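# Secondary and tertiary structure notes
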Amino acid sequence: MGRQVVSSDLPAHQECVVSSSKVVVLGIVCADVIARPVDGMPERGLMVPIDQLELHTGGCAANVGIDLSRLGVVCSILGKIGRDGFGDFVLHTLEQEGVDVSGLRCAGGIQTSATVVLVAPDGERSFLHCLGANAMFVSEDVDMELVRSADILVVAGSLLMPKLDGEPTAEVLRGARESGAVTLLDTAWDASGRWMKSIETCLPFCDYFLPSEAEAAMLSGVTEPEAMAASFVARGARNVIIKLGDKGCLLRTEDGVIEHVAAPVVSAVDTTGAGDAFVAGFTAGLVHGWNASRCAQLAVTVGAMCVTATGASSGVRSFAETVQVMEREELM
Ligand SMILES: Nc1ncnc2c1ncn2[C@@H]1O[C@H](COP(=O)(O)OP(=O)(O)OP(=O)(O)O)[C@@H](O)[C@H]1O
Ligand SMILES: [Mg+2]
């Protein structure tokens, strides 16, 4: 695998970065405005004061990129933002986190994707989402030179990029594969309802397909994780991992071996970004040359650590700390 990354100009948490693989993450990025507590919509025309309004980065690719960075893996992000305040915020935050943003397209006349997250007093979240630039992310925006230089390509948030989902994503995966990269594909909830029609064409180019249980059910039309995995393998995926929330994950490797990897038992505070943390953990394992089973162990550990704190990445810690937790199997 590729180059050695030198750690001189990296943020503190990446001081001992030792990524010898080039990781590229393609997918959705957005800005999240989180309002809490919100006990219903204000009456028409009126203002309701609230305690907290915070701005965060969000979107699968941004989350995976930041989580990888926390785990000491430098990566490049391929995505699209608008030339606006949210876009500046996303760009600078990713840079500060040590993520390479040279593949992030910034276009005039479109809005950066953003979500208003309304958090009720009991913690339940409701969302107002503007698809913005993610809906305008097209093949021409994808820096194929960067893709071809990757040792590992992660597609994060597939099914939420209407102009790139399906055949265009398959072409990017094919390009990465042809240049020798290992490919991973994670899905998001498909608002268009196309599901397998979009994903089917991508599966033959996926070394690791990692949907959540709910998404895998919609894609495959079956309810048992083993049957879901079988249906994706039948369509060409090499290895399949079904994320099962607090039950961990089901791994089906290319030699047909099935393993159920339990999630560490934690007290979950906020499950935002758990799927992305899982994908980052799995990818970090691959970077370290681990086999799929050990990668899945690391992935469930990162996922569990993620849900112990509020926000998509606050609970994600360094590689060394995570491995320690994984080996001791203890989490607070
Ligand atoms: N309550 C929990 N306790 C321990 N681990 C958890 C919990 N929830 C999630 N995880 C870990 O995080 C992983 C991903 O969570 P989940 O299965 O919900 O994925 P997802 O639906 O893709 O998530 P997201 O909604 O963030 O996209 C799980 O496979 C598990 O390892
Ligand atoms: Mg998910």
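Not measured: the values here are computed from a predicted model.

Right, let's get into the nonpolar core. Within soluble globular proteins, side chains that are nonpolar generally end up buried alongside one another. Judged by nonpolar contacts, the single largest core of 90 residues is most densely connected at Leu26, Phe232 and Phe282. In this structure Leu26 touches Ala61, Leu78, Phe137, Val142, Leu153, Val154, Val155, Ala156, Met161, Leu164 and Val172, once residues within four positions along its chain are discounted.

The next subject is the UniProt feature "domain: Carbohydrate kinase PfkB" (unreviewed entry) in the chain. Under the UniProt annotation, the feature "domain: Carbohydrate kinase PfkB" (unreviewed entry) is placed at residues 21-315. A helix fraction of 31% and a strand fraction of 24% characterise residues 21-315, whose end C-alpha atoms lie 24 Å from each other.

So, about the pattern of salt bridges. Here the structure, examined in full by the defined rule, presents twelve salt bridges. Between Arg317 and Glu321 there is a salt bridge whose closest N-O contact spans 4.0 Å. Exposure remark for Arg317: the relative accessible area of 25% places this residue in the partly exposed category. The exposure class of Glu321 is partly exposed, given its relative accessible area of 36%. Each of the salt bridges in this network shares a partner with another, and the network as a whole consists of Arg177, Asp207, Arg238 and Glu254.

With that out of the way, let us pick up the packing of aromatic side chains. For the structure on display, the rule yields four aromatic pairs. Across the ring face of Trp290, the terminal group of Arg294 is positioned such that the distance to the ring centre comes to 4.1 Å.

Okay, unusual backbone geometry next. If a residue is not glycine, its phi is most likely negative; likewise, a peptide bond is most likely trans. Here the residue pair Arg36 and Pro37 is connected by a cis peptide bond, since its omega of -10° sits within 30 degrees of zero. Looking at the element boundaries, Pro37 is found in the loop between β2 (30-36) and β3 (52-58). Unlike most non-glycine residues, Leu159 shows phi in positive territory, near 90°. Relative to the helices and strands, Leu159 is located in the loop between β8 (152-158) and α4 (167-178). A positive phi is found at Trp195, a non-glycine position, where the angle reads about 40°. Structurally, Trp195 is set in the loop between β9 (182-187) and α5 (196-199). What makes Trp195 buried here is its relative accessible area of 6%.

Where helix α8 (residues 274-287) contacts helix α9 (residues 292-307), the two axes come as close as 7 Å, and the packing angle between them is 145°. As α8 runs across α9, the sense of the crossing is right-handed. Of α9, the residues touching α8 (which contributes Ala274, Ala277, Phe278, Gly281, Phe282, Ala284, Gly285 and Leu286) are Ala292, Cys295, Ala296, Leu298, Ala299, Val300, Val302, Gly303, Cys306 and Val307. Class assignment for the residues of the contact of α8 with α9 results in 15 nonpolar, three polar and no charged.

Further remarks concern the site of ligand 1. Lining the immediate environment of ligand 1, one finds 19 residues, of which Ser212, Lys243, Gly245, Gly248 and Gly275 sit closest. In the environment of ligand 1, an oxygen atom lies 2.8 Å from a nitrogen or oxygen atom belonging to the backbone of Gly248. Ala274 is positioned with one of its backbone polar atoms (N or O) 3.3 Å from an oxygen atom of ligand 1. Within the complex, the protein chains bury 80% of what would otherwise be the 630 Å² of accessible surface of ligand 1. Secondary structure elements with two or more residues in the shell around ligand 1: α8 and α9. By residue number, the principal contributor to the shell around ligand 1 is α9, which donates four residues. Residues of the shell around ligand 1, tallied by class, amount to ten nonpolar, seven polar and two charged.

About the thresholds
Residues numbered from 1 in each chain as written. Chains lettered and ligands numbered in written order. Predicted model: local features only at pLDDT ≥ 70, side-chain atom pairs only at ≥ 80, totals over all residues. Heavy atoms only, no water. Core = buried A, V, L, I, M, F, W, Y, C linked by side-chain atoms within 4.5 Å. Buried < 20%, exposed > 50% of the residue type's maximum accessible area, 1.4 Å probe, protein only. Contact = heavy atoms within 4.5 Å. UniProt positions renumbered as here; feature names shortened; annotations may be inferred. Helix = DSSP H or I, 4+ residues; strand = E, 2+ residues; numbered from the N terminus. Salt bridge = Lys/Arg side-chain N within 4 Å of Asp/Glu carboxyl O. Phe/Tyr/Trp six-rings, centres within 6.5 Å; stacked < 30°, edge-to-face > 60°. Lys NZ or Arg CZ within 6 Å of the ring centre and 35° of its normal. Axes fitted to C-alpha atoms, helices over the stretch in contact; angles between N-to-C directions. Left-handed = near helix turned anticlockwise from the far one by under 90°. Nonpolar A, V, L, I, M, F, W, Y, C, P; charged D, E, K, R; others polar. Near = heavy atom within 4 Å. Polar contact = N/O pair within 3.5 Å; in protein donor to acceptor, adjacent residues only side chain to side chain. Areas by Shrake-Rupley, 256 points an atom, 1.4 Å probe, with all protein chains shown as cover.

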